[in-house]
Amino acid sequence: MKHQEIKQRFGIVGNSSKLDQAISIALQIAPTDISALITGESGVGKESMPKIIHFNSQRKHNKYIAVNCGAIPEGTIDSELFGHEKGAFTGASDNRKGYFEVADSGTIFLDEVGELPLSTQVRLLRVLESGEFMKVGSSQVKKVDVRVIAATNVNIEDAISKGKFREDLYYRLNTINIKVPSLAERIEDIHLLFRKFSSDFADRYHIPPIRLKEEAVEILHSYSWPGNIRQLKNIVEQISAIEQDRSISLEILKNYIPKHNSTPILFRDEKLENDFSEREILYKVLFDMKNDLNDLKRVTKELMSSSQQQIDEEKTINHIIENSDKIIQKNKEEDLLLTLQEQEKILIEKALKRHQGRRKDAADELGISERTLYRKIKEYLL
Ligand SMILES: Nc1ncnc2c1ncn2[C@@H]1O[C@H](COP(=O)(O)OP(=O)(O)OP(=O)(O)O)[C@@H](O)[C@H]1O
Ligand SMILES: [Mg+2]
């Protein structure tokens, strides 16, 4: 029962025993102050675990701060985490509190902890062991009481053997390990997740949900899902956006699953994640466009007094809407990379502006990972 409530509250779908095991450990350690390391492949849903821990702990009324260590440039990470004194470096025009100070009495989630530079690892170990830290440019020792939960999708032991991660820090973080299972380890949940994403997408765009014909379910189970839930979600969105017939046959589904794919353009890049996020952004642009046009249609209808003019306007707008549908279809066959990138750049710029440059919020809005956003900001020189 408790598990069901937790799943509902944190938007977790699935009934597999490995998932339940991970949730049980999170709940068990929640009331303590023990650090934990969340591991699991990319896209398995690691980010819910630290939230479960924090919001079931005595710290729940205090701050929870999630920091994506992979998305913060190396030069500023110490200052972000521990703060800095005025004049500590060029551009440090004010004193600044770091996340550790802000999160005092609360919890910090260090996502992609394997990306931390070695010098930051030293500072982190100190704060974990004694609660002590110093702001950048200061020699005054400060004390905080912060619980640290970390996550990684890379093999930290490899990083240790390459001298990129401190072994002592690893042991300190990994007091408890919570392994979030991959989709391949929870096959029984795949169809359930498919249905959930299909219904979410249908609600969001006011269209009927897609359903799999019985014969199609088998491929869902036999495919390896290297991008896990994130990949599944993207595929469901692609199919939901493109296919007119909402009942999906085996043949149709095969087109979207990389191994069985017959329209390679959908999976052009080597790195799956890149392509998914680009697709996702494109669909958002097209759907937004379509929604805007539908709004426009409604407004025009209300405003138009002359009925003939209204009919003409409506025809034009309907034509544009049809065209946007065609663009979605056409995109299956044509290379729209250039416009795609332009659209993507504009969309990213807008999202960053809306969130005053806060990458985490912008990435959430765009439905891409913060790391992808960070890469794209660099790519587009934003
Ligand atoms: N059990 C679940 N039920 C429904 N949606 C889920 C579940 N687990 C994850 N998701 C969704 O899947 C996506 C990926 O999850 P998340 O960002 O937590 O992955 P991750 O393990 O942190 O991956 P990475 O290592 O690449 O950062 C998110 O959109 C999340 O909302
Ligand atoms: Mg993550």
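*Asks:* Even after reading the chapter, I still don't get the packing of aromatic side chains, so can you show me in this structure?
*Replies:* Each aromatic ring pair is summarised here by two numbers: the centre-to-centre distance and the angle between the ring planes. Using the criterion set out here, one finds 6 aromatic pairs in the structure. Seen from their ring centres, F82 and F133 are 5.9 Å apart, and the 35° between their planes marks the pair as tilted. Linking F82 in helix α4 (residues 77-82) with F133 in strand β6 (residues 132-134), this pair joins segments that are 51 residues apart in sequence. Of the two residues, F82 and F133, neither departs from the other in class, the shared state being buried. Between the aromatic rings of Y170 and Y171, the centroid separation amounts to 5.4 Å while the plane-to-plane angle is 50°, which identifies the pairing as tilted. For Y170, a relative accessible area of 10% corresponds to the buried category. By the ring-pair criterion, three or more aromatic residues cluster together here, those being F82, F100 and F133. In this structure, R96 packs its charged tip against the face of Y99, placed 5.9 Å from the ring centre.

*Asks:* What is the right way to read the site of ligand 1 from this model?
*Replies:* Looking at ligand 1, there are 18 residues lining it, with V13, S42, G43, K46 and N153 nearest. Interatomic distance of 2.6 Å between a side-chain N/O atom of S42 and an oxygen atom of ligand 1. The contact in question runs from an oxygen atom of ligand 1 to an N or O atom on the backbone of G45, over 3.0 Å. Elements with a contribution of two residues or more to the shell around ligand 1: α9 (190-205) and α11 (228-242). Considering every element that reaches the shell around ligand 1, the biggest residue donor is α11, with 3 residues. Of the residues in the shell around ligand 1, the class split is 6 nonpolar, 5 polar and 7 charged. The residues that make up the shell around ligand 1 include at least three from each of domain 1 (2-181) and domain 2 (187-262).

What counts as what
Residues numbered from 1 in each chain as written. Chains lettered and ligands numbered in written order. Predicted model: local features only at pLDDT ≥ 70, side-chain atom pairs only at ≥ 80, totals over all residues. Heavy atoms only, no water. Phe/Tyr/Trp six-rings, centres within 6.5 Å; stacked < 30°, edge-to-face > 60°. Helix = DSSP H or I, 4+ residues; strand = E, 2+ residues; numbered from the N terminus. Buried < 20%, exposed > 50% of the residue type's maximum accessible area, 1.4 Å probe, protein only. Lys NZ or Arg CZ within 6 Å of the ring centre and 35° of its normal. Near = heavy atom within 4 Å. Polar contact = N/O pair within 3.5 Å; in protein donor to acceptor, adjacent residues only side chain to side chain. Nonpolar A, V, L, I, M, F, W, Y, C, P; charged D, E, K, R; others polar. Domains from an automatic or database assignment.

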